[in-house]
Amino acid sequence: MNRHVPLSDLQPCRTIARRTRLTRRKARGGYLYVAVLFTALIVAGAVATALSLDTARIKTQGAATDRESAIRLAESELHRVSVQLSMDPDWRVDLTHGATSAWIDYGAMAGAANAAARYNVRDEDADLADERFDDLQVIAHARFGSAQAAVSVELETGFAPLDLLRYGVTTFDDLECNDGATLVSERPVQVFDDCRTNSIGYLTTATLECSGSIQFPIRGDIAASSVDAPVFDVVARYQQAGTEIPLDALSTYDGVRAIALSVLSSATNPYGETDPDGIYWIDAQGHDIRIVNARIVATLAIHDARRVFLNGALAWEAPGDSGAILVTDAEVQFDAIEPTLDETTLGANFNPPATPYRGFDANVTLTDRFPTEFRGIVYTTDNLLVRPTADGAPLALTGLILCHDLKLYHSLFVRSYDEVLTDVPFGFADPQPLRFKSGTFRRVDTL
């Protein structure tokens, strides 16, 4: 049986249900708000983290770029300094060992607010000015942005030839062709002052460069001279590189200390210790020195002699890359030069197994004969005289003659010795041009 419930009795129940639904909706809305807020916080954190990482990455990349730029700037400074030193003949006097230069601002050139470099130069013996050929270390310190770096390298002589190696004959004063003597040179001749004669002589060459008067005929072009003498002591340079032959170790020939009737080379030295490069020096202590009837594959640097006489038969050539046969501060005289070095006549062996002739002809007999020859540079700060040969033939030399006055009383023929322009002798290299020494480039601590 259905029972009718009045509407007024149902109203409280409906109210309670509605309130229950509203409460549930509010609860769900609160949960959603919290979830959205939590998600927003996570997203904001992720964005902040990403921005922080990007900023750090940008800063890291910037620092790396600055470091690389600082290294490149330091390397560039090394090159700039090497060029500057090569162009300044007085830098060894003007600079001080180990002293650091002022900062040089490269900001405008580099396009950066903080870009600068400085350098210092160091010599192994702490004295830049004592030796023009000493190797040196250059350190360049650069800063760029937030970074700094320093690099170093060793510089050495570039071994460019002195200009005088282009000539066959160079006189630092006069050239004299006396008694009808003639000079023939396959390379140009340069004379600082006058070309003199006491008779009729002549000179044959591609070009004579002479700044003074010319008193005899010239077969070749004529131009003004600009003679540049070496700015360093050539004799001392070879002396420093060689082995001493004591004066009292030499034999006596016609009352003069002499290298005579012997072979002198890097493997043979009858007067003492051998030198691996074939470079020997003698302190003559004011005495005369004679070189006569000998075969020499060596450089002789003779210091403090009164005169150096070259006599008899001589087969003489420069060793290795030395370039020179004789360097001295004394007067040099070629006198009575004979055409043939004859073992039988002289009673000496000139091609022993230790020093074969031409590198392959050796024996212990006394039956060989060798032509006289001079092959290399003859250098003296004093005068050089050429007197008549034993057979009257012109004196022939393949090489260069460099002297104060060249005085010819007999004809002289100077053949080209062009290899010195490519294999530059260390005693005639220009010390001014510099080059990086292989294997010495490295990073170092900043100054």
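Residues numbered from 1 in each chain as written. Predicted model: local features only at pLDDT ≥ 70, side-chain atom pairs only at ≥ 80, totals over all residues. Heavy atoms only, no water.

1. Things to note about the nonpolar core
The line we're drawing: The term nonpolar core refers to a set of buried residues drawn from Ala, Val, Leu, Ile, Met, Phe, Trp, Tyr and Cys, joined through side-chain atoms within 4.5 Å. Summary of the burial criterion: residues with accessible area below 20% of their type's maximum are buried, those above 50% are exposed, and those between are partly exposed, where the area comes from a 1.4 Å probe applied to protein chains only. Contact criterion: two residues are considered in contact whenever any of their non-hydrogen atoms come within 4.5 Å of each other.
Counting residues in each nonpolar core, the largest one holds 78 residues, and the members touching the most others are L300, L310 and F428. If we skip the residues at most four places from it in the chain, L300 touches I245, I259, L264, Y280, I282, I291, W316, I325, L326 and V327. Core analysis: the second largest hydrophobic core is formed by 26 residues, A117, L136, A142 and V151 among them.

2. As for the pattern of salt bridges
Test applied: Salt bridges are identified by distance alone: a Lys or Arg side-chain nitrogen within 4 Å of an Asp or Glu carboxyl oxygen. Helix and strand assignments follow DSSP, with helices taken as H or I runs no shorter than four residues and strands as E runs no shorter than two, numbered in order from the N terminus.
Here the structure, examined in full by the defined rule, presents 17 salt bridges. Across the pair E77 and R80 runs a salt bridge whose closest N-O atoms are separated by 2.9 Å. Of this pair, E77 and R80 are both found in helix α1 (residues 7-87), three residues apart, which corresponds to roughly one turn of the helix. With relative accessibility at 2%, the residue E77 sits in the buried group.

3. Quick word on the layout of surface pockets
How we decide: A pocket here means an open set of points on a 1 Å grid, computed over the protein atoms alone, that has protein on both sides within 12 Å along at least five of seven lines. A cavity is instead a set of points where a 1.4 Å probe fits but cannot get out; residues with an atom within 4 Å of a point line either one. Grid points are joined across faces, edges and corners, and a volume is the space filled by probe spheres set on the points. All amino acids are sorted into three groups, where Ala, Val, Leu, Ile, Met, Phe, Trp, Tyr, Cys and Pro are nonpolar, Asp, Glu, Lys and Arg are charged, and the leftover types, Gly among them, are polar.
Here the largest pocket is characterised by a volume of approximately 430 Å³. R132, V231, D430, P431 and Q432 are the residues nearest the centre of the largest pocket, which is lined by 19 residues in total. Residue classes in the lining of the largest pocket are distributed as eleven nonpolar, one polar and seven charged. Empty space within the second largest pocket amounts to approximately 250 Å³.

4. Considering the side chain of T355
Structurally, T355 can be placed in the loop between α5 (343-346) and β24 (369-371). Residues in contact with T355, not counting those within four places in the same chain, are V263, S265, A267, T268, R295 and V297.

5. Brief notes about the packing of aromatic side chains
Rules: Aromatic pairing here means that ring centres of Phe, Tyr or Trp (its six-membered ring) are within 6.5 Å. Orientation follows from the plane angle: under 30 degrees is stacked, over 60 is edge-to-face, and everything else is tilted. Two conditions define a charge sitting above a ring: the NZ of Lys or the CZ of Arg must be within 6 Å of the ring centre, and it must be within 35 degrees of the ring normal.
As enumerated under the stated definition, the model contains six aromatic pairs in all. Their ring planes at 90° and their centres at 4.8 Å tell us that F133 and F232 sit as a pair that is edge-to-face. Remark: F232 occurs in the loop between β12 (218-223) and α4 (234-241) and F133 occurs in the loop between β2 (115-123) and β3 (136-144); sequence separation between them is 99 residues. Owing to a relative accessible area of 10%, F133 belongs among the buried residues under this scheme. Between Y238 and F428 the ring centres are 6.2 Å apart and the planes differ by 50°, which places this aromatic pair in the tilted class. Linking Y238 in helix α4 with F428 in the loop between β29 (412-415) and β30 (429-430), this pair joins segments that are 190 residues apart in sequence. Among the aromatic residues, ring-to-ring pairing joins Y238, Y379, F426 and F428 into one connected group. Note that R143 overlies the ring of W103, its terminal NZ or CZ placed 4.1 Å from the centroid.

6. Points about the pairing of strand β25 (residues 373-380)
Put simply, the rule is: Paired strands, as defined in this entry, are two strands with at least two bridges between them according to DSSP.
Burial analysis of β25 places seven of its eight residues in the buried class, the great majority of the element. For strand β20 (residues 307-317) and β25, the ladder comprises three bridges, and the chain directions are parallel. When the bridges of β25 are listed, A315 appears paired with E373. Sheet topology note: the strand β21 (residues 324-328)/β25 ladder contains four bridges and is parallel. What sits directly across from A324, in β25, is I377. Of the strand pairs in this sheet, β25 and strand β27 (residues 395-403) are connected by five bridges, and their pairing is parallel. Directly across from I377, in β27, lies its bridge partner L400.

7. Re α4
The cut-off we apply is this: The directions considered for the arc are those from the helix axis to the C-beta atoms. For the purposes of these results, a polar contact is taken to be a pair of N or O atoms within 3.5 Å, where, inside protein, one atom must be able to donate a hydrogen and its partner to accept one; residues adjacent in sequence count only when each atom of the pair is a side-chain atom.
Listed as buried for α4 are V234, V235, R237 and Y238. With its buried residues spanning 160° around the axis, α4 presents them on a single face. Packing partners of the buried residues in α4 comprise β17 (279-283), β19 (299-303), β21 and β25. Capping of α4 at its N-terminal end is provided by D233; its side-chain oxygen lies 3.1 Å from the backbone amide nitrogen of V235.

8. Thoughts on the environment of A330
For A330, the position within the fold is in the loop between β21 and β22 (331-337). Remark: the alpha-carbon pair of A330 and L384, spanning 54 residues in sequence, is separated by 8.9 Å. Setting aside residues up to four positions removed in sequence, A330 forms contacts with A305, R306, R307, V308, T380, D382 and N383.

9. Some points on the confidence of the model for the protein
This is how the line gets drawn: pLDDT is a residue-level measure of predictor confidence that goes from 0 to 100.
Overall, the prediction assigns the protein a mean pLDDT of 89, with 86% of residues at 70 or greater. Across residues 47-51 the pLDDT falls below 50, and counting only partners more than four positions away or on other chains, this stretch makes zero contacts in the model.

10. Re the side chain of D173
Rule in force here: Positive: Lys, Arg. Negative: Asp, Glu. His and the chain ends are not part of the count.
Take D173: it is sitting in the loop between β6 (169-171) and β7 (175-177). Comment: no salt bridge for buried D173; closest opposite-charge side chain is R196, at 6.7 Å. Setting aside anything within four residues of it in sequence, one finds D173 in contact with V191, F192, D193, D194, H404 and D405.

11. Considerations on the environment of S262
Structurally, S262 can be placed in the loop between β15 (256-260) and β16 (263-264). Residues S262 and N351, spaced 89 residues apart in sequence, show a C-alpha to C-alpha distance of 9.9 Å.

12. Focus on unusual backbone geometry
Positive phi values are uncommon outside glycine, yet D254 reaches one of about 55°. Tracing the sequence through the fold places D254 in the loop between β14 (251-253) and β15. Positioned with a positive phi, R358 is a non-glycine residue whose angle comes to about 60°. Its relative accessible area of 43% is what places R358 among the partly exposed residues.

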